[in-house]
Amino acid sequence: EPPHTGQLALYLLGLRATCLPASPHRTLVTWLKYYLEEDWTGSRQHGHPLSNYYQYGLGVLALCVHGKRVREEVIQRLLSAQHRGRLGHSDSTVDTEAVVALAFTCLEQRRLVGTGLAAKLRVAAHEASRSMAEAQGPDGVIGNIYSTPWALQVFLATGMCQTESAFSQAMAALLENLEAFSTAATMAQVLPVLHGRSYLDITSMHCQEEPGRGQGQWDWGHHMRGWVSPLLWWLLADTLTPLDIEPPAEVPGNKTVQLVVECPLPWCYELRLYDHSVSVPAAASFLAVLRAAAALEPHDFKFHTQDTSQGPFLTHVLGLEARQEKRNYWQLLTAPNTPLQMGIADYIPQDGETLILRLSEW
């Protein structure tokens, strides 16, 4: 199993954002440094991390936010991947480029690297900003709606929000689609942007114990100045419950959706493995369509999901598993070839729509 680099990195960012005392962090920081080495050593023959560059960059960012130096070889791996265009695939490239650019900017601004390397990191971060601006669609979205907050954080951290026209267009698109950010992890990405901040602002917080307060109570509320710690959402993900949210209105009737499963070479010799119409209630989600297909007679369709902070993640379809070490995933599309910007639990297909599950490489 790949090291949990990204999960530990997010947890450490959350601890720093909530101004908890430093003592519990030290062991976790040591583990994160170990994970970064294991993540790479275990896949050295392939020239990329066992997890992915997104998690690897997130690990470097978390160490930097905690003021910890990172070995130059670790940083050079990210620089090399960016220069060779190996950071990701399609929409996920924006997420990964943004995380890596934030890590580079943090290392340079906190002076945790030498002058020569700092200059390279500054150039690389600005190149990433320009790349994301060029990737912006006519609707203002950069990559997809979930990667857009990451791009905006880079514009803010590098100071390009003042000169980059893509910033205002992306912010307008974000404000129009706030309802899409309904999970703890997606809230953590969008909240700082709505207050004109990035994760790098965590580094400038001053966590001081107030006179007259008990030991272990920390004055973070004042310094946040209305910017609720975005990563607090991540830490509380398992305990957060929505308040005063009206349930979605019931839509009468049914709809029929075409469900298609595609598996191209090199994984399968036959491209289309499944192609059937499925009848579901009118308000049913993509996930409900999958469950209805699995309940049909005969039981030709099977799938499995894994719970994550961003909702259920599709892992198996028709017995075929998407795995990080194989660098593949189940891509969600609508016909003829439009990638979805939502997960299976959030997307509500239209009557007559064709949904495609495609095993794809990243």
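Residues numbered from 1 in each chain as written. Predicted model: local features only at pLDDT ≥ 70, side-chain atom pairs only at ≥ 80, totals over all residues. Heavy atoms only, no water.

K.L.:
Give me the lowdown on the overall build of the protein chain, citing residues and values where you can.
P.N.:
Along the backbone of the protein chain there are 12 helices and 8 strands. Taking all 362 residues of the protein chain together, the buried fraction comes to 48%. Taking the intrachain contacts of the protein chain between residues at least 6 apart in sequence as the baseline, contacts between residues at least 24 apart amount to 65%. Accessible surface, the protein chain as shown: approximately 18100 Å² in total, 51% of it carbon and sulfur. (Helix = DSSP H or I, 4+ residues; strand = E, 2+ residues; numbered from the N terminus. Buried < 20%, exposed > 50% of the residue type's maximum accessible area, 1.4 Å probe, protein only. Contact = heavy atoms within 4.5 Å. Areas by Shrake-Rupley, 256 points an atom, 1.4 Å probe, with all protein chains shown as cover.)

K.L.:
I'd love a proper account of helix α4 (residues 72–83), names of residues and values included.
P.N.:
Every α-helical turn comprises 3.6 residues, leaving residues that sit three or four positions apart pointing alike. With 12 residues, α4 ought to run about 16 Å at 1.5 Å a step, and its terminal C-alpha atoms sit 16 Å apart, in line with that. Every buried residue belonging to α4 is among V74, I75, R77, L78, L79, A81 and Q82, and all of these are buried. Just past α4, the residue G85 takes up positive phi, approximately 65°. (Expected span 1.5 Å × (residues − 1).)

K.L.:
Describe the nonpolar core, and please don't skip the residues or the numbers.
P.N.:
In terms of nonpolar packing, the biggest core is built from 75 residues, with L61, F104 and L107 touching the most fellow members. Here this core gets 10 residues from one element, more than from any other, and that element is helix α5 (residues 92–109). In this structure L61 touches L102, A103, C106, Y199 and L200, once residues within four positions along its chain are discounted. V278, L340, Y347 and L355 belong to the second largest nonpolar core, which has 27 residues in total. (Core = buried A, V, L, I, M, F, W, Y, C linked by side-chain atoms within 4.5 Å.)

K.L.:
Quick one: what's the story with the packing of α4 against helix α6 (residues 115–134), residue by residue and with numbers?
P.N.:
In contact at an axis separation of 11 Å, α4 and α6 are set at 35° when each is read in the N-to-C sense. For α4 against α6, the interelement crossing comes out left-handed. Side by side, α4 and α6 meet where E72, I75, Q76, L79 and Q82 of the first sit next to L117, K120, L121, A124, E127 and A128 of the second. Class assignment for the residues of the contact of α4 with α6 results in 6 nonpolar, 2 polar and 3 charged. (Axes fitted to C-alpha atoms, helices over the stretch in contact; angles between N-to-C directions. Left-handed = near helix turned anticlockwise from the far one by under 90°. Nonpolar A, V, L, I, M, F, W, Y, C, P; charged D, E, K, R; others polar.)

K.L.:
Would you mind going over the environment of F286 in detail, with residue names and values included?
P.N.:
Of note, F286 is situated in helix α12 (residues 286–295). As for F286 and V257, which are separated by 29 residues in sequence, their C-alpha atoms are 9.5 Å apart. With near-sequence residues (within four places) excluded, F286 lies in contact with L259, L332, L340, I344, Y347, P349, L355 and L357.

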